[in-house]
Amino acid sequence: MSQQTFESYEEFWPYYVAMHSRAATRWVHLTGTLTGLAITAYGLARGRKRYLAALPLIGYGTAWPAHFLIEKNNPATFGHPAWSLRGDAQMIGMMLAGRDAELAETAAKWLAENG
């Protein structure tokens, strides 16, 4: 599925959410990304630039295995890295705003129409 082509981010977004159809996958993403951000911010506040590596290492290091083990698909990042980064931020923002059910609905709709 990651070989799909899209004309715009708006067209990509429902696909991205569908690749995160299971709540556990979304929560692993959120946890990994926020942990990576926290460690990166801590490192930068302490003047330790090497901590910048925490964000991609922890973020992707937790998210990618979730795709293989929980979702049973390939990360959308492999085919669409820039839009996936934007999608991750949007998805996490929605989750933090209490809109996880909306993500589940978007995923279910896309999978029903394209799965």
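Structure: above.
What this report covers is the structure whose coordinates are included nearby. (Residues numbered from 1 in each chain as written. Predicted model: local features only at pLDDT ≥ 70, side-chain atom pairs only at ≥ 80, totals over all residues. Heavy atoms only, no water.)

### What to know about the overall build of the protein chain
For the protein chain, the count of helices and strands is five helices and zero strands. The order of helices and strands in the protein chain, counted from the N terminus, is α-α-α-α-α. Expected size for 115 residues packed as a compact globule is a radius of gyration near 13 Å; at 14 Å, the protein chain falls within 12% of this value. Judged by the C-alpha coordinates and their principal axes, the protein chain covers about 50 × 30 × 25 Å. Looking at the protein chain as a whole, 37% of its 115 residues qualify as buried. Long-range contacts, defined here as pairs at least 24 residues apart, represent 67% of the contacts in the protein chain between residues at least 6 apart. Accessible surface for the protein chain amounts to roughly 6600 Å². Of this, 61% is attributable to carbon and sulfur atoms. Distance between charge centroids for the protein chain: 17 Å, based on 10 positive and 9 negative side chains. (Helix = DSSP H or I, 4+ residues; strand = E, 2+ residues; numbered from the N terminus. Rg over C-alpha atoms; globule rule 2.2 N^0.38 Å. Buried < 20%, exposed > 50% of the residue type's maximum accessible area, 1.4 Å probe, protein only. Contact = heavy atoms within 4.5 Å. Areas by Shrake-Rupley, 256 points an atom, 1.4 Å probe, with all protein chains shown as cover. Lys, Arg positive; Asp, Glu negative; His and termini not counted. Charge placed at Lys NZ, Arg CZ, Asp CG, Glu CD.)

### So, the environment of Ile92
Within the secondary structure layout, Ile92 lies in helix H4 (residues 81-96). Counting along the chain gives 65 residues from Ile92 to Trp27, while the straight-line C-alpha distance between them is 8.6 Å.

### Section: the packing of helix H2 (residues 23-45) against H4
At a closest axis distance of 10 Å, the pairing of H2 and H4 adopts a crossing angle of 100 degrees. Relative to H4, H2 is oriented roughly perpendicular. Residues Arg26, Trp27, His29, Leu30, Thr33 and Leu34 of H2 form the contact with H4, whose participating residues are Asp88, Met91, Ile92, Met95 and Leu96. Class assignment of the residues belonging to the contact of H2 with H4 gives a composition of seven nonpolar, two polar and two charged. (Axes fitted to C-alpha atoms, helices over the stretch in contact; angles between N-to-C directions. Parallel < 35°, antiparallel > 145°, perpendicular 65-115°, else oblique. Nonpolar A, V, L, I, M, F, W, Y, C, P; charged D, E, K, R; others polar.)

### Considerations on the environment of Lys109
Of note, Lys109 is situated in helix H5 (residues 100-114). In sequence terms Lys109 and Pro14 are 95 residues apart; their C-alpha atoms lie 8.5 Å from each other.

### With respect to H2
The terminal C-alpha atoms of H2 lie 33 Å apart, and with 23 residues this matches the ideal 33 Å at 1.5 Å per residue to within 8%. Burial in H2 covers these residues: Thr25, Arg26, His29, Leu30, Gly32, Thr33, Gly36, Thr40 and Gly43. Contacts from the buried residues of H2 go to helix H1 (9-18), helix H3 (54-71), H4 and H5. Of the residues trailing H2, Gly47 is marked for its positive phi of about 75 degrees. (Expected span 1.5 Å × (residues − 1).)

### Considering the nonpolar core
Counting residues in hydrophobic clusters, the biggest one holds 18 residues, and the most contacted among them are Phe12, Trp13, Tyr15, Tyr16, Met91 and Leu103. Of all the elements in the fold, those that place two or more residues in this core are H1, H4 and H5. (Core = buried A, V, L, I, M, F, W, Y, C linked by side-chain atoms within 4.5 Å.)

### A look at the packing of aromatic side chains
Inspection of the entire model under this criterion finds 13 aromatic pairs. Residues Tyr9 and Phe12 carry aromatic rings whose centres are separated by 6.2 Å and whose planes lie at 45 degrees to one another, so their mutual orientation is tilted. Remark: Phe12 and Tyr9 occur in helix H1; sequence separation between them is three residues, near one turn of the helix. Comparing Tyr9 with Phe12, the two get one shared label, buried. With a centroid separation of 6.3 Å and an interplanar angle of 35 degrees, the aromatic rings of Tyr9 and Trp13 are classed as tilted. Here the residue Tyr9 and the residue Trp13 both occupy positions in helix H1, the gap between them amounting to four residues, near one helical turn. For the pair formed by Tyr9 and Trp13, the shared burial category is buried. Over the aromatic face of Tyr9 sits the side chain of Arg86, whose NZ or CZ is 3.8 Å from the ring centroid. (Phe/Tyr/Trp six-rings, centres within 6.5 Å; stacked < 30°, edge-to-face > 60°. Lys NZ or Arg CZ within 6 Å of the ring centre and 35° of its normal.)

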